[in-house]
Amino acid sequence: MTITTGTQRNAAMQAHEIAVTPPTVRTDDPVSKAVQLMVVNRLPGLVVVDDADRPIAVLPGTQVLRLTIPESYRDDPALVRTVDEIHADLFWHGPGKLTVGDCLPSPVAKPATVAPEATLLEVATVMANKRSPLIAVVDRNGRLTGAVTLERLLTSLAVAGPND
Amino acid sequence: MLAPVLALAIFIVAFWFIATERANKVKTVLFAAALMTVLGLIPGADIFYSEHEGIDWNVIFLLLGMMVIVGVIKQTGVFDFLAIWAAKRSRGKPLRLMVMLMIITAIASPLLDNVTIILLVAPVTLVICDRLRIPAQPYLIAEVLASNIGGAATLIGDPPNIIIGSRAGLTFNDFLVHMAPAVVVIFALFVAFTGALFRTDLRGNDIHPGEVLALQERRAITDTGLLIRAMAVLALVITGFALHSVLHVAPSIVALVGAGAMLLVTNVDVAEVLPEVEWSTLVFFMGLFAMVAGLVHTGVIGALGSVAESAFGDNWFAAATALLFGSSIVGAFVDNIPYTATMTPVVESMAAQAPDAETGQALWWAFALGACFSGNGTAIAASANVVAIGIAQRAGHPISFWRFTRYGIVVTLLSTALAWVYVWLRYF
């Protein structure tokens, strides 16, 4: 019963309605710019696009952070443990001239995307399976039209769902 | 008449795609194998059961077992510890540092596969060179060269040896007795030669050993118990290989039992270790064996064998020489694994014609030495080279094709020449 009422209220909620317009980065942008964008806009992640505005990668915040970690350390926790404190704090200044393209994993995972008319259930499932607090919304040509954040999704679900 | 031509055509096209990297190599071999199956060029379900015309499961499971074992050893942090310890001992002297890193690499390479060694040793090398403010490229190149040479010493050190050993029925001890002596001598000479080879790179660098001393290598190993248990299991596995003639257990079984023991004894999370297995590499091998089976089944390999035999007649030394130098050259331009998988049945038919078992075996050793050492020839000759160059590139210390090949060619020529002298002196 409650479910039916819920769906009736949710019927109009699609991805494009709760999407925001995210700032994007390209592969030749410096890593420092990517981090800055994310922090300044208080986003849980970033979308990397190509020249035609098609998403190449949707990076959760932790993966944007990963871009800043020097490659030697990324997959070697034992090595990281050997770094003394003074040098450890210096890693933040490391990225320097490196671009997002330089630091993306290879091969990069298929970006987490949904169509504009996707239901909230679809969005939730993609987010959970891809473990990403950010999902890109793409049109039929694959071009980025917006992004759904975890916070927006949860808020919409809480507002639209049955009151218990 | 059509079948052999078709098989050869499919094979050559697939090989070309693999060698030029125009397509993903796993997809390529699977497609080629499937095509051969559909066209009836491989022996149907026998592909799974035939020892000589099918997928060599000994190789697949030996690789699988060792990958699991290595996956656990990786977690111990032992390589980082050793490398940093070596760097501190070297007091930042470039040549001493290079030799110590090469020795660490060479000790590990007969036991672990070369790609893994590079994955373990390269990051810590980059950090050390960074601290010492010296360019990392010469050290990475030296490590790759050392690992390709050292890997030739045992059955499990280099994939070509695993393929050859399984096909020719050569045991772990056979490799120790026949390959290891040559490899030890050649490696020693290589180390002695290192100073000259890398002299321009090692000259007059401003060494700041102080910053290396700040690294805390003890923290690399969090669980000494884990390390000890892992090393114990590894030692038992090696012993298992060596006792083949007594226990009559195939190396692949030893490796699988060792992998299971490793997981039990170290209490490592299975889910963490399974991703360490390079499944795509295993599938690649399966497809490759299926493709070669097609060549064997349609008689292409038999024909090649006959050509080789008529070319050499009774001159077995010439045959061995051709195998050694031929493998060294060809294997340098194509990845030495597909090369070895393809040539192994040819060498098998040649060895079958040999007048006595010793001469037949000599052909195998010449082939093995050539195939393993060819891995140093060019930047693409072996997977370890490609991996090292990729890591160096992404860390901002690029190694160009020619920079690597310049050193690689010299080392390959010298090691092959020395190997030839060894084969001549020992077997002919």
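Since we're looking at a predicted model, the values are computed, not measured.

Chemist: Help me understand the interface of chain B and chain A in this model?
Modeler: Residue-level contacts link 19 residues of chain B with 11 residues of chain A. For the pair chain B and chain A, the summed buried surface comes to about 1400 Å²; carbon and sulfur atoms form 50% of the total. The interface formed by chain B and chain A holds one salt bridge in total. For R131(B), the salt bridge identified is with D84(A), shortest N-O distance 3.2 Å.

Chemist: Explanation requested: the pattern of salt bridges in the structure shown.
Modeler: If the charged atoms of two oppositely charged side chains come close together, the side chains can form a pair. Applying the stated criterion across every chain, the model contains nine salt bridges over all chains. Put simply, R26(A), D51(A) and D53(A) are held in one network by salt bridges that share partners.

Chemist: Before we go on, may I ask you to explain the packing of helix α1 (residues 2–20) of chain B against helix α17 (residues 279–297) of chain B in this structure?
Modeler: Describing two packed helices takes the angle between their axes plus the distance from one axis to the other. Residues and elements named next belong to chain B. Packing of α1 against α17 leaves a shortest axis separation of 9 Å and a crossing angle of 150°. Of the possible angle classes, the one that applies to α1 and α17 is roughly antiparallel. The two elements α1 and α17 meet at a crossing, and its hand is left-handed. Here A7, L8, F11, A14 and I18 of α1 lie close against α17, whose contacting residues are F284, M291, V292, G294 and L295. Here the contact of α1 with α17 is composed, by residue class, of nine nonpolar, one polar and no charged.

Chemist: Help me understand the sheet that holds strand β5 (residues 134–138) of chain A, please; the structure alone is not making it clear to me.
Modeler: Hydrogen bonding along the main chain pairs the strands of a sheet, whether they run parallel or antiparallel. Residues and elements named next belong to chain A. Within the open sheet, the three strands sit side by side as β4-β5-β6. Their pairing is mixed. Each end of this open sheet is capped by a strand with a single partner; those strands are β4 (113–114) and β6 (144–149). Where β5 lies against β6, five bridges are found, and the strand directions are antiparallel. Bridge pairing in β6 places V137 opposite G146.

Chemist: Whenever I open this one, the nonpolar core confuses me. Can you help?
Modeler: Note on soluble globular proteins: their nonpolar side chains tend to be buried together. Ranked by size, the top nonpolar core spans 156 residues in total, and within it I128(B), F190(B), F198(B) and F241(B) carry the most contacts. Among the elements that line this core, the one with the most residues is helix α3 (residues 57–74) of chain B, at 12 residues. V31(A), L59(A), V64(A) and C103(A) belong to the second-largest nonpolar core, a separate cluster that totals 16 residues.

Chemist: Can you walk me through the environment of Q361(B) in this structure?
Modeler: Residues and elements named next belong to chain B. Relative to the assigned elements, Q361 resides in helix α21 (residues 357–373). Separated by 13 residues in the primary sequence, Q361 and E348 have C-alpha atoms spaced 9.8 Å apart. Once you skip the residues sitting within four places of it in the chain, Q361 turns out to touch L170 and H178.

Chemist: Any chance you could explain helix α8 (residues 159–168) of chain B here in plain terms?
Modeler: Count 3.6 residues to each turn of an α-helix, and residues three or four apart come out pointing the same way. All names here are of chain B. α8 sits mainly inside the fold: eight of its 10 residues count as buried. Buried within α8 are the following residues: P159, P160, N161, I162, I163, I164, G165 and R167. Check the buried side of α8 and you find it contacts α3, α9 (172–178), α17, α20 (336–352) and α21. Remark: G169 follows α8 within two positions and exhibits a positive phi of approximately 70°.

Chemist: Hey, could you run me through unusual backbone geometry in this one?
Modeler: Trans is the common state for peptide bonds, and a negative phi is the common state for residues other than glycine. Of note, the phi angle at R131(A) is positive, near 55°, even though the residue is not glycine. Residue placement: R131(A) occurs in the loop between α9 (120–130) and β5. Residue R131(A) is classed as exposed on the basis of its relative accessible area, which comes to 71%. Even without glycine at this site, H248(B) takes up a positive phi of about 55°. Accessibility expressed as a relative area gives 63% for H248(B), which makes it exposed.

Chemist: So what exactly am I meant to see when it comes to the packing of helix α4 (residues 78–89) of chain B against helix α5 (residues 94–108) of chain B here?
Modeler: Residues and elements named next belong to chain B. Contact pair α4 / α5: the axes reach a minimum separation of 9 Å and the direction vectors enclose 155°. It follows that α4 is roughly antiparallel to α5 by the angle criterion. For α4 against α5, the interelement crossing comes out right-handed. Only R96, L97, M100, L101, I104 and A108 of α5 make contact with α4, whose side of the interface consists of F79, L82, A83, W85, A86, A87 and R89. Broken down by class, the residue content of the contact of α4 with α5 amounts to 11 nonpolar, no polar and two charged.

Chemist: Explain the pairing of strand β2 (residues 45–49) of chain A here, please?
Modeler: For a regular strand, the rule is simple: side chains alternate between the two faces of the sheet. Residue and element names in this part refer to chain A. Across the five residues of β2, five count as buried, placing the element largely inside the fold. Of the two faces of β2, the one holding G45, V47 and V49 and the one holding L46 and V48 are both buried throughout. After leaving strand β1 (residues 24–26), the chain enters helix α3 (residues 31–40) and then returns to the sheet as β2, a path that is right-handed. The turn linking β2 back onto strand β3 (residues 55–60) is made up of five residues, and D53 within it adopts a positive phi angle of 65°.

Chemist: Would you mind going over the packing of aromatic side chains with me for this structure?
Modeler: Aromatic ring pairs are reported here in terms of the distance separating the ring centres and the angle at which the planes meet. All names here are of chain B. Following the criterion strictly, the structure yields 17 aromatic pairs over all chains and no others. Relative to Y427, the ring of Y422 lies with its centre 6.1 Å away and its plane at 90°, an arrangement referred to as edge-to-face. The exposure classification of Y422 matches that of Y427, with both residues buried. Ring-pair connections join several aromatic residues into one group, and the members of that group are F317, F325, W420, W424 and F428. Over the ring of F284 we find K25, and its NZ or CZ is 4.7 Å from the ring centre. Positioned over the ring face of Y407 is R406, at 5.4 Å from the centre of the ring.

Quick notes on the rules
- Residues numbered from 1 in each chain as written.
- Chains lettered and ligands numbered in written order.
- Predicted model: local features only at pLDDT ≥ 70, side-chain atom pairs only at ≥ 80, totals over all residues.
- Heavy atoms only, no water.
- Contact = heavy atoms within 4.5 Å.
- Buried area = accessible area lost by both parts, 1.4 Å probe.
- Salt bridge = Lys/Arg side-chain N within 4 Å of Asp/Glu carboxyl O.
- Axes fitted to C-alpha atoms, helices over the stretch in contact; angles between N-to-C directions.
- Helix = DSSP H or I, 4+ residues; strand = E, 2+ residues; numbered from the N terminus.
- Parallel < 35°, antiparallel > 145°, perpendicular 65-115°, else oblique.
- Left-handed = near helix turned anticlockwise from the far one by under 90°.
- Nonpolar A, V, L, I, M, F, W, Y, C, P; charged D, E, K, R; others polar.
- Pairing = 2+ DSSP bridges.
- Core = buried A, V, L, I, M, F, W, Y, C linked by side-chain atoms within 4.5 Å.
- Buried < 20%, exposed > 50% of the residue type's maximum accessible area, 1.4 Å probe, protein only.
- Right-handed = clockwise from strand over helix to strand, strands pointing away.
- Phe/Tyr/Trp six-rings, centres within 6.5 Å; stacked < 30°, edge-to-face > 60°.
- Lys NZ or Arg CZ within 6 Å of the ring centre and 35° of its normal.

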